[in-house]
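# Coordinate analysis (summary)
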Amino acid sequence: MTAEADQMNASTKGADAVDEAIAKGIDLDGSAIEPEKLDLYNKVMALEGNRQRSGVKNTMRSRIVRIGAKHLTQDELNKMLEEADFVPLKEKEIAFYYGGK
């Protein structure tokens, strides 16, 4: 693999890749993101930035469930949540993330 390919591959991985691309206004494939899309995204993110938070652990669990469901089976994710002393998967989460699989 060339150094250029390594750099491109590294720039499309990880939690920050999308945020970095948005900040540059360039999609991960190198194409420009339309100003209207960036404007709407920034408006909605500003609203979210002003929302009162109720607790970090609740947000952590939500992120674990949302992202974990993409990578783990329902049983694996539920076991990990319980082992970390988080609330196990709720019926509505199971239906949403695993219902169609």
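As shown above, the structure is provided for reference.
Scope of this entry: the structure provided in the associated data block. (Residues numbered from 1 in each chain as written. Predicted model: local features only at pLDDT ≥ 70, side-chain atom pairs only at ≥ 80, totals over all residues. Heavy atoms only, no water.)

Here the focus is helix H4 (residues 56–71). With 16 residues, H4 should cover 22 Å at 1.5 Å per step; its first-to-last C-alpha distance of 22 Å lies within 8% of that length. What H4 keeps buried is the set Arg61, Val65, Gly68 and Ala69. For H4, the secondary structure elements touched by its buried residues are helix H5 (74–83) and helix H6 (91–98). (Helix = DSSP H or I, 4+ residues; strand = E, 2+ residues; numbered from the N terminus. Expected span 1.5 Å × (residues − 1). Buried < 20%, exposed > 50% of the residue type's maximum accessible area, 1.4 Å probe, protein only. Contact = heavy atoms within 4.5 Å.)

Here the focus is the environment of Lys90. Looking at the element boundaries, Lys90 is found in the loop between H5 and H6. As a C-alpha pair, Lys90 and Asn78 span 12 residues in sequence and 9.4 Å in three-dimensional space.

Under the counting rule described, the total for this entry stands at six salt bridges. Of the charged contacts in the structure, one is a salt bridge between Glu48 and Arg51, with a shortest N-O distance of 2.8 Å. What makes Glu48 partly exposed here is its relative accessible area of 31%. Residue Glu93 pairs with Arg61 through a salt bridge whose shortest N-O separation is 2.7 Å. Taken together, the residues Glu93 in helix H6 and Arg61 in helix H4 connect sequence positions 32 residues apart. Look at Glu93 and you get buried, because its relative accessible area is 12%. Among the charged side chains, a network of salt bridges with common partners joins Glu48, Arg51 and Arg53. (Salt bridge = Lys/Arg side-chain N within 4 Å of Asp/Glu carboxyl O.)

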